[in-house]
Amino acid sequence: MRRGLHSWVMHALADQRRYLIPFRSGLLPQIFTDTLVIGAGVAGLRAGLAASEHGDVIVLAKGDVGTSNTAWAQGGIAGEVGAEAEAIAGHVRDTLKAGAGLCDEGAVRTVVEGASARLEELIAWGMRFDRERGGSLSLGREGGHGRARILHADGDATGRELARCLAARVGERERVRMFEGCFALDLITSGDEPGSPVLGAITHHERYGLQMIWARATILAGGGAGVIYRETTNPRTATGDGLAMAYRAGATLADMAFVQFHPTTLYLPGAARMLISEAVRGEGAHLLDASGQRFMEGEHPLAELAPRDVVSRAIVRKIAEQGGKHVWLDCRHVEGFEGRFPGITRTLRSFEIDPERQLIPVHPAAHYFVGGVRTDLFGRTDAPGLYAAGEVASVGLHGANRLASNSLLEGLVMGEIAGRSAEEMRGVGSAGSWRLVPRQVPAAVISDIRPSAQGELDLADVRSSLRSAMWRNVGVARTGAKLRDAGEMFRFWARYTLDKIFDEPEGWETQNMLLVGSLVAASAGWREESRGCHQRDDAPVARGEYAVHDCWRRGRGAGGGGPTGTLAVEGGAEVGAA
Ligand SMILES: Cc1cc2nc3c(=O)[nH]c(=O)nc-3n(C[C@H](O)[C@H](O)[C@H](O)COP(=O)(O)OP(=O)(O)OC[C@H]3O[C@@H](n4cnc5c(N)ncnc54)[C@H](O)[C@@H]3O)c2cc1C
């Protein structure tokens, strides 16, 4: 595989430091469980439910259960419920097409074919999907889908209802304990080298402080990393902690360049970048430039309904051309707007914008993290005892771009599989004969990193500089030069940020964001092509030699110039070839 001329290697500290803080496991409060699930979005909650069928479970959320990408999801969950084989094959085809040559077909089939069972189960558990008058499920259609197959709830508040339904189910299970306000700092491994078994996590609870949680199996479901960008649709919890802790623990991360940007988020200084769903453009809303002219008609035959990355780039170009900070979304002619989009209308009105009478200022924003911790079809990573599911994971479903509404589905299907697979860590598993180990007796784990001699750090400044640099240089339209500059900046900031020892989440998150941002820039710099949601102005077409998954693993890239290795795109996802 050809490599870029530039060395994309990160600062040595990012690669060397195994833990964020110094500790001695024996001196901390000890908690034991069979399965530890880090994350309480769709993937974590569903994994916790499955794991509770074979043992005790602890589920962690660093905030409350209502704050996650899951709870914020609007449009719906893609899936063919009780459909004919041809309809399911259509969903597979649409997913493969969106993935631009990087989907692993086995993963696509596993998730798409798993949809019906998971969605029917949700309905049986009381999930209130929207229905037509006759009682049948109301199905929406979104960009890239060949037919209507999106189940939704409360119009545009599907995620809130999904989180409610799953959390209620979890609340009924005696074997599941939910720890909210509990921040996982790092996965604990028996040794510091990649490949060492994962034994649980060191956590910081807002009331009880640092704790060791020992588990036979650990399932990472920490979600994405939208917050590494200045503009994002994600809640403030999406700082990529799961990605960073998996990297430090020696698990392989893949396809980090692929970040999906959403073209239309509300742009008001100081306000959260609320997503204004694609469905709004589906109902006929237009994009207008600063002089009130439609501009998407000249950009793509589908105009405002062109793929997300095309619309995002057109908006960024228009803003660069005309100045200003945003373009406008015009919904004034969309009939029945409030009835179809009650949540969006409510939020806009809270900012004194009436979508039926006024233009809405919009701008693209980082939305979905396609890459992640590489897993096989059982949710296993290549760190023994560690599983991953949902947005933090990369099983090969999305390839180079995510098909709309496939991510909640992935969390449901892969969360359930990972939770079930974790049984194998009890030594009696049915998910294959992979790495059966008895319950680990907690070893004495010691991290003896020293405090840095260097001075104080303005954390808020580092965080905001990083987010701006990610947006400017590693955002919608990338070039080799911009990515190299970003890499230089990150290496420089790493020197005096990653050597510090913090005692609260803001510091740990910032260190995680710097590590994840560096990996995204490195992967995007190596990938000298445009494919899916990774677009480079200096390499505008897809190239056959890059039709592979690029893999990144701590320590193994040092001294080289690119990823640790690459994996062929294939019918069944495989871990470990990197
Ligand atoms: C505004 C918006 C709209 C969307 N709309 C849709 C849609 O309509 N359809 C669709 O399919 N997808 C949609 N998505 C994407 C989808 O919501 C996410 O991909 C999906 O919910 C991810 O689920 P998850 O369980 O992997 O992670 P999340 O739901 O993000 O959950 C992550 C969990 O991990 C916890 N966590 C993170 N770090 C730590 C830590 N250090 N310690 C402890 N806990 C931690 C968090 O507290 C949280 O509980 C949308 C996303 C956004 C932001």
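Structure first, text after, so check above.
Residues numbered from 1 in each chain as written. Predicted model: local features only at pLDDT ≥ 70, side-chain atom pairs only at ≥ 80, totals over all residues. Heavy atoms only, no water.

Some details on the site of the ligand
In plain terms, the rule: Any residue with a non-hydrogen atom lying within 4 Å of a molecule or strand is treated as near it. Polar contacts, as counted here, are pairs of nitrogen or oxygen atoms within 3.5 Å of one another; within protein the pair requires one atom able to donate a hydrogen and one able to accept it, and residues that are adjacent in sequence qualify only if both atoms are side-chain atoms. All accessible-area figures derive from a Shrake-Rupley calculation using a 1.4 Å probe, and residue coverage is judged against the displayed protein chains alone. Per the convention used, a helix needs a DSSP run of H or I reaching at least four residues, while a strand needs a run of E reaching at least two, with both numbered from the N terminus. We call Asp, Glu, Lys and Arg charged. Ala, Val, Leu, Ile, Met, Phe, Trp, Tyr, Cys and Pro are nonpolar, and the rest, Gly among them, are polar.
Near the ligand lie 37 residues; those nearest to it are T70, G75, G76, E391 and S407. The separation between an oxygen atom of the ligand and a polar main-chain atom of N69 is 3.1 Å. Contacts to the ligand include Q74, whose backbone N or O atom sits 3.3 Å from a nitrogen atom. Within the complex, 97% of the 1000 Å² of free accessible area of the ligand lies under protein. Secondary structure elements with two or more residues in the shell around the ligand: helix 2 (42–51), strand 3 (57–61), helix 3 (69–72), strand 8 (182–189), helix 7 (241–248), strand 15 (360–369) and helix 12 (406–421). For the shell around the ligand, a count of residues per class yields 15 nonpolar, 18 polar and four charged.

Describing unusual backbone geometry
The cut-off we apply is this: The buried label applies to any residue whose accessible area, calculated with a 1.4 Å probe on protein chains only, is under 20% of its type's maximum; exposed applies above 50%, and partly exposed to all values in between.
Phi at A303 takes a positive value of approximately 50°, unusual for a residue other than glycine. Located in the positive-phi region is S405, a residue other than glycine, with phi close to 70°. Along the chain, S405 falls in the loop between strand 18 (393–394) and helix 12. Relative accessible area serves as the criterion here: at 7%, S405 is assigned to the buried category.

Remarks on the pattern of salt bridges
So the rule is basically this: Whenever a carboxyl oxygen of Asp or Glu lies within 4 Å of a side-chain nitrogen of Lys or Arg, that contact is scored as a salt bridge.
Considering all chains together, one arrives at 47 salt bridges under this definition. In this structure, R109 and E105 form a salt bridge, with 2.9 Å as the shortest nitrogen-oxygen distance. With R109 and E105 both in helix 5 (residues 105–124), this residue pair falls four residues apart, about one helical turn. Between R294 and E304 there is a salt bridge whose closest N-O contact spans 2.6 Å. Of this pair, R294 sits in the loop between strand 13 (286–288) and helix 9 (308–322) while E304 sits in the loop between strand 13 and helix 9; the two residues are ten residues apart in sequence, bridging distant segments of the chain. E304 gets classed as buried once you look at its relative accessible area, which sits at 4%.

Observations regarding the sheet that holds strand 14 (residues 327–330)
Heads up, the rule is: When DSSP locates at least two bridges between a pair of strands, those strands are taken to pair. Angles run from 0 to 180 degrees between N-to-C directions of axes, and those axes are lines fitted to C-alpha atoms, restricted for helices to the stretch in contact.
The strand order across the open sheet built from four strands is 12-15-14-13, with neighbouring strands paired in antiparallel fashion. Pairing within the sheet leaves two strands with one partner each, and these edge strands are strand 12 (259–266) and strand 13. Put simply, the sheet's adjacent strands are angled 45° from each other on average, direction ignored.

A word on the pairing of strand 2 (residues 30–38)
The condition that has to hold: Place the viewer so that the strands point away; then a crossover is right-handed whenever the path from the first strand over the helix to the second strand goes clockwise.
For strand 2, the buried fraction is high: seven of the nine residues fall into the buried class. Examined bridge by bridge, strand 2 and strand 10 (residues 209–220) share eight bridges and lie parallel to one another. Paired with I31 across the two strands is I213, which belongs to strand 10. In this fold, the crossover linking strand 2 to strand 3 by way of helix 2 has right-handed handedness.

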